[in-house]
Amino acid sequence: MARGNSGRRKQSVADKQTVQKPKEGNPRSMVIRIGAGEVGSSVTQLVQDVRQVMQPDTAVRLKERRANKLRDYTTMAGPLGVTHLLLFSRSEAGNTNLRLAKTPRGPTLHFRVEKYSLAKDIMKSVKHYRADLQAYNVAPLLVMNNFLTSDADREKLGDSAPPKHLEKLVTDMFQGLFPPIQPHTTPLHTIKRVLLLNREPPKEDDNGTITITIRHYAITTKITGVPKAIRRLHAAEKLIKSREKKGRGLPNLGKLEDVADYMLDPSAAGYTSASDTEADTDAEVEVTAPVRTKVMSKKERERAKSGEGASKSKANGPRVEKRAVKLVEIGPRLKLRLTKVEEDVAGGRVMWHEFVTKTTEEMKQLDVVWEKRNKEKEERRRIQKENIDKKRKERGQKGEGEEEEDEDEEMEDFDEYDMDDDVWHDDDAEGGDEDQEEEEE
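These figures come from a predicted structure and were not determined experimentally. (Residues numbered from 1 in each chain as written. Predicted model: local features only at pLDDT ≥ 70, side-chain atom pairs only at ≥ 80, totals over all residues. Heavy atoms only, no water.)

**Side note on the nonpolar core**
A general trend in soluble globular proteins is that nonpolar side chains are found buried together. The cut-off we apply is this: We define the nonpolar core as a collection of buried residues of types Ala, Val, Leu, Ile, Met, Phe, Trp, Tyr and Cys that are connected through side-chain atoms lying within 4.5 Å of one another. Burial here depends on accessible area, computed with a 1.4 Å probe over protein chains only, as a share of the maximum for the residue type. Under 20% is buried, over 50% is exposed, and the range in between is partly exposed. Secondary structure elements follow DSSP: runs of H or I no shorter than four residues count as helices, runs of E no shorter than two count as strands, and numbering proceeds from the N terminus. Two residues form a contact once any of their heavy atoms are found within 4.5 Å.
The biggest cluster of nonpolar side chains holds 34 residues, and the ones touching the most others in it are Phe88, Phe111, Phe174, Ile212 and Leu338. For this core, the secondary-structure elements that each account for two or more residues are helix H2 (41-53), strand E2 (84-90), strand E3 (96-102), strand E4 (108-117), helix H6 (164-175), strand E6 (193-199), strand E7 (211-223) and strand E10 (333-342). No other element matches H2, which puts five residues into this core. With residues up to four places along the chain from it excluded, the contact list for Leu338 reads Leu109, His110, Phe111, Leu166, Val170, Thr209, Ile210, Trp352 and Glu354. Counting residues in hydrophobic clusters, the runner-up holds 12 residues, among them Leu70, Tyr73, Leu85 and Ala101.

Shown next as structure tokens:
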């Protein structure tokens, strides 16, 4: 017996390549749990939700192990083209922390997650939740509000106002997480999500820190300027063709003698809802309606070339329709408080701290210590490079096979990394942060 057509469309090789190959120049990110298995189920689910927000240029199916160190991820960030790392961890005191780092040279922003809500909690609280998998094929539209303090507010706050360079750094870091949108070339209908970052107004008792609230929304549109009855009939037609449950969404025309009665009085069909009211005119936009083009036959193409059907096509022109824009929250929610800024990737010189302030002399002493440490690191790299060149020469004189040449090529990948610094980048830095947090509390 012959198999029926399943309706599955085969994907061409060109389509697979365009889907698998990310766009060049777009920032890529990795959302990681530091100390997998120790952060708890809620933080684990929060990491999964943040990965959904960062789609499509992020590692959604990344699996961490308890044995993985921060050095493992920073080493692979270069070959994989990863530009940003979002590191979630939990301190011994139970605080959830987020580190936003830019690879390969930093800086790193340390945030304390004061509050958060998972996507599943948002789904239960929202009346009409919208889950569209195609919305995650394009990066969200980033909207940032109140990230720069005005001069008038700075005068009122005085010394408690956050530094200008700190606000500029935080703004640039969040802007760099997503690719820039060009209105002239980017199709607007492909953008179906919005990520809203709202910086809370600074206060005198904030110690110059920055508090950010994050919300994630899905963009929905609805045709306006059409009578309510026609919209209901159009929605009922879609509902009949779909596999969803058919309930109160269908207007009941059984008691009416003519469809004109329903058109004149939509409430006569026995279906009313408070959501049927028209949206505000401020939320309406005019867009070009999608038009289906008919495949022309040979005779029709000849007529079009001769100019017979040109006047008709010009008379039609592009059809413009009004649509009401509405945002539906899909989660997660986050409230972040900036606590520290480091120069390198989670292990460099502290550029700013919320609770610790240094005098000018202490800053000079720290600069001397870091300069000495950088010189030692450069010296170790120079010695490593000399040892590798020496081994290459010895193998070249012996005339060994191609397998050893392949090993030499693999060793070149590790030239830029400092093998002697495997531990203090991760273990010492994390331990110091946790001890410092306990003292602060």
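**Quick look at the pairing of E3**
Heads up, the condition is: Strand pairing is assigned whenever DSSP detects at least two bridges linking the two strands.
The buried count for E3 comes to six of seven residues, which makes it a mostly enclosed element. Summarising the sheet, E2 and E3 pair through seven bridges and their orientation is antiparallel. When the bridges of E3 are listed, Leu87 appears paired with Arg99. Counting the residues between successive antiparallel strands, the hairpin from E2 to E3 contains five residues, one of them, Gly94, with a positive phi of roughly 95 degrees. When E3 meets E4, the two strands line up antiparallel, connected through five bridges. By the bridge assignment, Asn97 is partnered in E4 with Arg112. Between the antiparallel neighbours E3 and E4 lie five residues, among them Gly106 with a positive phi of about 85 degrees.

**Observations concerning the pattern of salt bridges**
Stated precisely, the cut-off is as follows: Any Lys or Arg side-chain nitrogen found within 4 Å of a carboxyl oxygen on Asp or Glu counts as a salt bridge.
For the structure on display, the rule yields 15 salt bridges. With its nearest N and O atoms 2.6 Å apart, the salt bridge here joins Arg333 to Glu329. Judged by relative accessible area, Arg333 falls into the partly exposed class, the value being 29%. Lys340 is paired through a salt bridge with Glu342; the nearest N and O atoms lie 3.7 Å apart. What makes Lys340 buried here is its relative accessible area of 6%.

**Structural notes on the packing of aromatic side chains**
Filter applied, for reference: Only centres within 6.5 Å qualify two rings of Phe, Tyr or Trp (six-membered ring in Trp) as a pair; their planes then separate them into stacked at under 30 degrees, edge-to-face at over 60, and tilted for everything else.
Tallied over the entire structure, the rule returns two aromatic pairs. Ring geometry for Phe147 against Phe174: centres 6.4 Å apart, planes inclined by 65 degrees, an arrangement best described as edge-to-face. Here the residue Phe147 occupies a position in the loop between strand E5 (141-145) and helix H5 (151-157), and Phe174 occupies one in helix H6, the gap between them amounting to 27 residues. As far as the burial class goes, Phe147 and Phe174 line up, both buried. Chaining the aromatic ring pairs together yields one cluster made of Phe111, Phe147 and Phe174.

**Notes on the confidence of the model for the protein**
As a reminder of what qualifies: A residue's pLDDT is simply how confident the predictor is in it, with values from 0 to 100.
Mean pLDDT for the protein: 75, with 67% of residues reaching 70 or above. E6 holds the highest mean pLDDT among the elements of the protein, 94, whereas helix H13 (residues 424-440) holds the lowest, 44. Here residues 18-22 is modelled with pLDDT under 50, and outside its nearest four sequence neighbours on either side it reaches three contacts, counting other chains as well. In the model, residues 410-441 has pLDDT below 50 throughout and makes 60 contacts with residues more than four positions away in sequence or in other chains.

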